[in-house]
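# Tertiary structure, described
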Amino acid sequence: MANVERDPISGQMTTGHEWDGIKELNTPLPRWWVYIFWATIVWSVGYWIVYPAWPTLSGHTKGLWNYSSRAELAAEMKMVAADRQAWLAKIKDLSAAEIEKNPDLLRYAMAGGKSAFGENCQPCHGAGGAGAPGYPALGDDEWIWGGSLAAIEQTIAHGVRAEDSQTRISEMPKFSDSLKAPEIDALADYLVALASRKAAETMPGAKLFAENCVACHGEKGEGNRDLGAPRLDNALWLYSGDKAQIVAQIATPKHGVMPAWSGRLDAATIKQLAIYVHKLGGGE
(Lines give C-alpha, C1' and ligand atoms only; values in the text may rest on other atoms or scores of the structure.)
Protein backbone atom coordinates (compact mmCIF):
# COMPACT_ATOMS: atom_id res chain seq x y z
CA MET A 1 0.00 0.00 0.00
CA ALA A 2 1.41 3.38 -1.04
CA ASN A 3 1.04 5.09 2.34
CA VAL A 4 2.41 2.25 4.45
CA GLU A 5 5.37 3.40 6.51
CA ARG A 6 7.01 2.93 9.88
CA ASP A 7 5.78 5.24 12.62
CA PRO A 8 8.80 7.16 13.94
CA ILE A 9 7.50 7.28 17.55
CA SER A 10 6.29 3.72 18.18
CA GLY A 11 8.34 1.99 15.51
CA GLN A 12 5.13 0.20 14.41
CA MET A 13 4.16 -0.08 10.75
CA THR A 14 1.05 1.82 9.65
CA THR A 15 -1.87 0.39 7.67
CA GLY A 16 -1.85 3.12 5.09
CA HIS A 17 -5.11 4.55 6.39
CA GLU A 18 -4.98 8.23 7.21
CA TRP A 19 -7.65 10.71 8.27
CA ASP A 20 -7.10 14.37 9.04
CA GLY A 21 -3.41 13.75 9.57
CA ILE A 22 -3.96 10.79 11.89
CA LYS A 23 -2.39 7.52 10.73
CA GLU A 24 -3.61 4.08 11.84
CA LEU A 25 -1.01 1.74 13.27
CA ASN A 26 -0.98 -1.84 12.09
CA THR A 27 -1.38 -3.66 15.43
CA PRO A 28 -3.11 -6.99 14.79
CA LEU A 29 -4.50 -9.10 17.63
CA PRO A 30 -2.11 -11.56 19.24
CA ARG A 31 -2.31 -15.03 17.73
CA TRP A 32 -3.33 -16.62 21.03
CA TRP A 33 -6.35 -14.30 21.19
CA VAL A 34 -7.33 -15.18 17.62
CA TYR A 35 -7.01 -18.91 18.37
CA ILE A 36 -9.27 -18.53 21.43
CA PHE A 37 -11.79 -16.61 19.35
CA TRP A 38 -11.99 -19.42 16.78
CA ALA A 39 -12.15 -22.00 19.54
CA THR A 40 -15.23 -20.30 20.98
CA ILE A 41 -16.86 -20.41 17.56
CA VAL A 42 -16.17 -24.14 17.30
CA TRP A 43 -17.46 -24.61 20.85
CA SER A 44 -20.69 -22.76 20.02
CA VAL A 45 -21.31 -25.00 17.01
CA GLY A 46 -20.83 -28.04 19.22
CA TYR A 47 -23.17 -26.53 21.80
CA TRP A 48 -25.87 -26.03 19.15
CA ILE A 49 -25.56 -29.70 18.17
CA VAL A 50 -25.50 -31.19 21.68
CA TYR A 51 -27.98 -28.98 23.55
CA PRO A 52 -31.40 -27.52 22.69
CA ALA A 53 -30.66 -24.31 20.87
CA TRP A 54 -32.65 -23.50 17.74
CA PRO A 55 -36.30 -22.38 17.84
CA THR A 56 -38.67 -24.03 15.39
CA LEU A 57 -42.26 -23.39 14.38
CA SER A 58 -43.53 -25.94 16.90
CA GLY A 59 -40.85 -25.80 19.61
CA HIS A 60 -37.09 -26.11 19.45
CA THR A 61 -34.32 -28.52 18.52
CA LYS A 62 -33.78 -31.15 21.21
CA GLY A 63 -30.04 -31.62 20.75
CA LEU A 64 -28.12 -34.91 20.81
CA TRP A 65 -28.34 -35.13 24.62
CA ASN A 66 -32.02 -34.13 24.76
CA TYR A 67 -31.22 -32.05 27.84
CA SER A 68 -33.89 -29.90 29.50
CA SER A 69 -33.22 -27.60 32.45
CA ARG A 70 -36.97 -27.52 33.12
CA ALA A 71 -37.12 -31.30 33.33
CA GLU A 72 -34.11 -31.28 35.64
CA LEU A 73 -35.78 -28.68 37.87
CA ALA A 74 -39.04 -30.65 37.88
CA ALA A 75 -37.18 -33.77 38.98
CA GLU A 76 -35.40 -31.86 41.76
CA MET A 77 -38.66 -30.29 42.94
CA LYS A 78 -40.29 -33.71 42.98
CA MET A 79 -37.53 -34.97 45.27
CA VAL A 80 -37.89 -31.91 47.49
CA ALA A 81 -41.67 -32.41 47.66
CA ALA A 82 -41.23 -36.06 48.67
CA ASP A 83 -38.77 -35.10 51.41
CA ARG A 84 -41.09 -32.29 52.52
CA GLN A 85 -44.08 -34.64 52.74
CA ALA A 86 -42.15 -36.93 55.04
CA TRP A 87 -41.53 -34.06 57.45
CA LEU A 88 -45.07 -32.72 57.16
CA ALA A 89 -46.50 -36.15 57.90
CA LYS A 90 -44.62 -36.18 61.22
CA ILE A 91 -45.78 -32.65 62.01
CA LYS A 92 -49.37 -33.54 61.16
CA ASP A 93 -49.40 -36.44 63.63
CA LEU A 94 -47.99 -34.45 66.56
CA SER A 95 -49.26 -31.49 68.53
CA ALA A 96 -47.42 -28.17 68.39
CA ALA A 97 -46.19 -28.73 71.95
CA GLU A 98 -44.77 -32.14 71.02
CA ILE A 99 -43.08 -30.68 67.95
CA GLU A 100 -41.35 -28.05 70.09
CA LYS A 101 -39.77 -30.82 72.16
CA ASN A 102 -38.23 -32.51 69.10
CA PRO A 103 -35.12 -30.52 68.03
CA ASP A 104 -35.16 -31.76 64.42
CA LEU A 105 -38.87 -31.19 63.93
CA LEU A 106 -38.62 -27.84 65.67
CA ARG A 107 -35.91 -26.64 63.26
CA TYR A 108 -38.00 -27.73 60.28
CA ALA A 109 -41.18 -26.19 61.71
CA MET A 110 -39.40 -22.90 62.42
CA ALA A 111 -38.11 -22.73 58.85
CA GLY A 112 -41.52 -23.60 57.42
CA GLY A 113 -43.26 -21.21 59.79
CA LYS A 114 -40.94 -18.35 58.87
CA SER A 115 -41.62 -18.92 55.19
CA ALA A 116 -45.40 -19.11 55.73
CA PHE A 117 -45.28 -16.02 57.95
CA GLY A 118 -43.51 -14.03 55.26
CA GLU A 119 -46.08 -15.03 52.65
CA ASN A 120 -49.25 -14.66 54.72
CA CYS A 121 -48.73 -12.67 57.95
CA GLN A 122 -45.93 -10.19 57.38
CA PRO A 123 -47.98 -7.74 55.26
CA CYS A 124 -50.10 -6.96 58.36
CA HIS A 125 -47.96 -7.89 61.38
CA GLY A 126 -44.66 -6.67 59.94
CA ALA A 127 -41.28 -8.37 59.60
CA GLY A 128 -40.52 -10.45 62.66
CA GLY A 129 -43.99 -9.70 64.05
CA ALA A 130 -43.12 -6.06 64.84
CA GLY A 131 -46.75 -5.05 64.41
CA ALA A 132 -48.34 -1.88 63.09
CA PRO A 133 -51.23 0.40 64.10
CA GLY A 134 -54.28 -1.87 64.19
CA TYR A 135 -52.16 -5.01 63.87
CA PRO A 136 -50.82 -6.52 67.12
CA ALA A 137 -47.10 -6.98 67.66
CA LEU A 138 -46.24 -10.66 68.00
CA GLY A 139 -42.76 -10.33 69.47
CA ASP A 140 -43.77 -9.11 72.93
CA ASP A 141 -45.67 -10.72 75.80
CA GLU A 142 -48.88 -8.72 75.30
CA TRP A 143 -51.59 -11.03 73.98
CA ILE A 144 -55.24 -10.15 73.45
CA TRP A 145 -56.37 -13.77 73.22
CA GLY A 146 -53.46 -15.55 74.89
CA GLY A 147 -49.90 -16.40 73.93
CA SER A 148 -49.77 -20.14 74.61
CA LEU A 149 -49.14 -22.49 71.69
CA ALA A 150 -52.72 -23.70 71.77
CA ALA A 151 -54.13 -20.16 71.92
CA ILE A 152 -51.95 -18.97 69.05
CA GLU A 153 -52.85 -21.98 66.92
CA GLN A 154 -56.55 -21.38 67.63
CA THR A 155 -56.31 -17.73 66.62
CA ILE A 156 -54.42 -18.52 63.40
CA ALA A 157 -56.75 -21.33 62.43
CA HIS A 158 -60.07 -19.59 63.08
CA GLY A 159 -59.21 -15.91 63.02
CA VAL A 160 -60.80 -12.97 64.77
CA ARG A 161 -64.26 -11.77 63.71
CA ALA A 162 -63.83 -13.92 60.64
CA GLU A 163 -66.35 -15.98 58.70
CA ASP A 164 -65.64 -19.12 60.69
CA SER A 165 -67.88 -20.96 63.13
CA GLN A 166 -65.09 -21.06 65.72
CA THR A 167 -63.69 -17.59 65.18
CA ARG A 168 -62.82 -15.39 68.13
CA ILE A 169 -65.36 -12.63 68.62
CA SER A 170 -65.25 -9.46 70.70
CA GLU A 171 -66.93 -6.15 70.12
CA MET A 172 -66.46 -2.92 72.00
CA PRO A 173 -69.66 -0.86 72.33
CA LYS A 174 -70.04 2.49 70.63
CA PHE A 175 -69.95 4.70 73.73
CA SER A 176 -70.90 7.83 71.81
CA ASP A 177 -74.43 6.41 72.08
CA SER A 178 -74.36 6.31 75.89
CA LEU A 179 -71.79 8.88 77.01
CA LYS A 180 -71.54 12.58 76.35
CA ALA A 181 -68.46 14.13 74.78
CA PRO A 182 -67.13 15.58 78.10
CA GLU A 183 -67.53 12.16 79.73
CA ILE A 184 -65.62 10.44 76.92
CA ASP A 185 -62.90 13.09 77.24
CA ALA A 186 -62.65 12.48 81.01
CA LEU A 187 -62.54 8.72 80.47
CA ALA A 188 -59.72 9.15 77.93
CA ASP A 189 -57.76 11.22 80.47
CA TYR A 190 -58.16 8.42 82.99
CA LEU A 191 -56.98 5.79 80.50
CA VAL A 192 -53.90 7.85 79.64
CA ALA A 193 -53.11 8.08 83.35
CA LEU A 194 -53.88 4.38 83.84
CA ALA A 195 -51.42 3.43 81.08
CA SER A 196 -48.67 5.46 82.75
CA ARG A 197 -49.59 4.00 86.18
CA LYS A 198 -50.62 7.46 87.43
CA ALA A 199 -54.37 6.98 87.54
CA ALA A 200 -56.15 8.16 90.68
CA GLU A 201 -59.57 7.23 91.97
CA THR A 202 -60.31 10.92 92.35
CA MET A 203 -60.07 11.52 88.60
CA PRO A 204 -63.45 12.23 86.95
CA GLY A 205 -62.93 9.32 84.57
CA ALA A 206 -62.39 6.76 87.34
CA LYS A 207 -66.10 6.41 88.05
CA LEU A 208 -66.91 6.26 84.35
CA PHE A 209 -64.32 3.50 83.92
CA ALA A 210 -65.84 1.51 86.79
CA GLU A 211 -69.33 1.87 85.34
CA ASN A 212 -68.57 1.17 81.69
CA CYS A 213 -65.21 -0.59 81.22
CA VAL A 214 -64.45 -2.80 84.23
CA ALA A 215 -66.77 -5.60 83.08
CA CYS A 216 -64.48 -6.35 80.13
CA HIS A 217 -61.13 -4.73 80.84
CA GLY A 218 -60.92 -5.54 84.56
CA GLU A 219 -60.91 -3.36 87.65
CA LYS A 220 -57.31 -2.30 87.12
CA GLY A 221 -57.34 -2.46 83.35
CA GLU A 222 -55.61 -5.85 83.35
CA GLY A 223 -57.70 -7.06 80.39
CA ASN A 224 -59.64 -10.26 79.82
CA ARG A 225 -58.39 -12.77 77.27
CA ASP A 226 -61.59 -14.79 77.37
CA LEU A 227 -63.42 -11.75 76.00
CA GLY A 228 -60.60 -10.48 73.82
CA ALA A 229 -60.45 -7.27 75.89
CA PRO A 230 -56.90 -5.85 75.78
CA ARG A 231 -55.00 -4.58 78.79
CA LEU A 232 -55.18 -0.87 79.45
CA ASP A 233 -52.68 -0.61 82.29
CA ASN A 234 -49.55 -0.30 80.17
CA ALA A 235 -48.20 1.73 77.27
CA LEU A 236 -48.88 -0.94 74.61
CA TRP A 237 -51.72 0.12 72.36
CA LEU A 238 -53.30 -1.62 69.40
CA TYR A 239 -53.95 1.67 67.63
CA SER A 240 -52.35 4.52 69.55
CA GLY A 241 -51.90 5.87 73.07
CA ASP A 242 -52.56 9.39 71.87
CA LYS A 243 -55.54 10.90 73.69
CA ALA A 244 -57.29 11.90 70.47
CA GLN A 245 -57.06 8.30 69.22
CA ILE A 246 -58.32 6.96 72.56
CA VAL A 247 -61.29 9.35 72.43
CA ALA A 248 -62.08 8.15 68.90
CA GLN A 249 -61.81 4.51 69.92
CA ILE A 250 -64.15 5.00 72.89
CA ALA A 251 -66.69 6.98 70.88
CA THR A 252 -66.68 4.93 67.67
CA PRO A 253 -64.43 1.89 68.10
CA LYS A 254 -62.62 0.16 65.27
CA HIS A 255 -63.04 -3.59 65.01
CA GLY A 256 -60.32 -5.27 63.01
CA VAL A 257 -60.68 -8.63 61.30
CA MET A 258 -58.11 -11.41 61.08
CA PRO A 259 -58.92 -14.07 58.47
CA ALA A 260 -59.38 -17.70 59.42
CA TRP A 261 -56.39 -19.45 57.90
CA SER A 262 -57.80 -22.97 58.32
CA GLY A 263 -59.58 -22.54 55.00
CA ARG A 264 -56.43 -21.35 53.25
CA LEU A 265 -53.56 -23.27 54.83
CA ASP A 266 -53.25 -26.93 55.78
CA ALA A 267 -53.08 -28.03 59.41
CA ALA A 268 -49.32 -28.72 59.28
CA THR A 269 -48.58 -25.21 58.01
CA ILE A 270 -50.78 -23.67 60.70
CA LYS A 271 -48.85 -25.64 63.35
CA GLN A 272 -45.57 -24.39 61.92
CA LEU A 273 -46.89 -20.83 61.97
CA ALA A 274 -48.03 -21.19 65.58
CA ILE A 275 -44.60 -22.49 66.60
CA TYR A 276 -42.80 -19.72 64.72
CA VAL A 277 -44.97 -16.99 66.26
CA HIS A 278 -44.63 -18.60 69.69
CA LYS A 279 -40.84 -18.44 69.34
CA LEU A 280 -40.73 -14.81 68.22
CA GLY A 281 -40.12 -13.79 71.79
CA GLY A 282 -43.45 -13.28 73.49
CA GLY A 283 -44.91 -16.78 73.53
CA GLU A 284 -46.01 -18.14 76.86
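As a starting point, this report considers the structure included with it. (Residues numbered from 1 in each chain as written. Predicted model: local features only at pLDDT ≥ 70, side-chain atom pairs only at ≥ 80, totals over all residues. Heavy atoms only, no water.)

Closest axis-to-axis distance for the helix α4 (residues 103–120)/helix α11 (residues 267–278) pair is 7 Å, and the angle between their directions is 95°. Classified by the angle their axes make, α4 and α11 are roughly perpendicular. Taking contact as the criterion, the partners of Leu106, Tyr108, Ala109, Met110, Gly112, Gly113, Lys114, Ala116 and Phe117 in α4 are, on α11, Thr269, Gln272, Leu273, Ile275, Tyr276 and Val277. (Axes fitted to C-alpha atoms, helices over the stretch in contact; angles between N-to-C directions. Helix = DSSP H or I, 4+ residues; strand = E, 2+ residues; numbered from the N terminus. Parallel < 35°, antiparallel > 145°, perpendicular 65-115°, else oblique. Contact = heavy atoms within 4.5 Å.)

Ranked by internal contacts, the top residues of the largest apolar core, which has 17 residues, are Leu179, Leu187, Leu191, Leu194, Phe209 and Ile250. Contributions of two or more residues to this core are made by α7 (181–195), α8 (204–212) and α10 (243–251). By residue number, the principal contributor to this core is α7, which donates seven residues. Excluding anything up to four places from it in sequence, phenylalanine 209 contacts Leu187, Tyr190, Leu191, Leu194, Val214, His217, Gly218, Glu219, Gly221 and Leu232. Ranked by size, the runner-up nonpolar core spans 15 residues in total, among them Leu138, Ile152, Leu265 and Ile270. (Core = buried A, V, L, I, M, F, W, Y, C linked by side-chain atoms within 4.5 Å. Buried < 20%, exposed > 50% of the residue type's maximum accessible area, 1.4 Å probe, protein only.)

It is worth spelling out the pairing of strand β2 (residues 22–25) at this point. Across three bridges, the pairing between strand β1 (residues 14–19) and β2 is antiparallel. Bridge pairing links tryptophan 19 to isoleucine 22 in β2. The hairpin turn running from β1 into β2, its antiparallel successor, is two residues long, and aspartate 20 in that turn takes a positive phi close to 50°. (Pairing = 2+ DSSP bridges.)

Residues other than glycine seldom take positive phi values, yet aspartate 20 does so here, at roughly 50°. In this fold, aspartate 20 is placed in the loop between β1 and β2. Even without being a glycine, arginine 161 presents a positive backbone phi close to 55°. Following the sequence through the fold, arginine 161 ends up in the loop between α6 (149–158) and α7.

Moving on: the packing of aromatic side chains. Across all of its chains, the model carries nine aromatic pairs by this definition. On the numbers, 5.9 Å between centres and 15° between planes, the contact of tryptophan 33 with phenylalanine 37 is stacked. Residue tryptophan 33 and its partner phenylalanine 37 are both found in helix α1 (residues 31–50); the two are separated by four residues, about one turn of the helix. Residue classification places tryptophan 33 among the partly exposed positions, given a relative accessible area of 39%. A relative accessible area of 40% places phenylalanine 37 in the partly exposed class. Ring geometry for tryptophan 48 versus tryptophan 54: centroids 5.1 Å apart, planes at 65°, classification edge-to-face. With a relative accessible area of 40%, tryptophan 48 lands in the partly exposed category. Among the residues examined, tryptophan 54 registers a relative accessible area of 46% and is labelled partly exposed. Taken together, the aromatic side chains of Tyr47, Tyr51, Trp65 and Tyr67 make up a single cluster linked through ring pairs. Here lysine 90 stacks its cationic end above the ring of tryptophan 87, 5.1 Å away from the centre of that ring. Cation over ring: arginine 264 sits above tryptophan 261, and NZ or CZ is 5.1 Å from the ring centre. (Phe/Tyr/Trp six-rings, centres within 6.5 Å; stacked < 30°, edge-to-face > 60°. Lys NZ or Arg CZ within 6 Å of the ring centre and 35° of its normal.)

Next up on the list: the pattern of salt bridges. Summed over the entire model, instances satisfying the criterion amount to seven salt bridges. A salt bridge links arginine 231 to aspartate 233, with the nearest nitrogen and oxygen atoms 2.9 Å apart. Since its relative accessible area comes to 33%, arginine 231 is described here as partly exposed. Aspartate 233 gets classed as buried once you look at its relative accessible area, which sits at 11%. Residues participating in the shared-partner salt-bridge network are Asp185, Asp189 and Lys243. (Salt bridge = Lys/Arg side-chain N within 4 Å of Asp/Glu carboxyl O.)

Further remarks concern α6. One turn of the α-helix equals 3.6 residues, which is why residues spaced by three or four share an orientation. In terms of burial, α6 is largely enclosed, as seven of its ten residues are buried. For α6, the set of buried residues is Leu149, Ala151, Ile152, Thr155, Ile156, Ala157 and His158. As for α6, its buried residues are in contact with α3 (96–100) and α11. Looking one or two places after α6, you find glycine 159, whose phi comes out positive at around 75°.

Tracing the backbone shows valine 192 in helix α7. For valine 192, a relative accessible area of 34% puts it in the partly exposed group. Through-space distance from the C-alpha of valine 192 to that of leucine 149 is 32 Å; in sequence the pair is 43 residues apart. Once residues lying within four places of it in the same chain are set aside, the contact partners of valine 192 are Gly241, Lys243 and Ile246.

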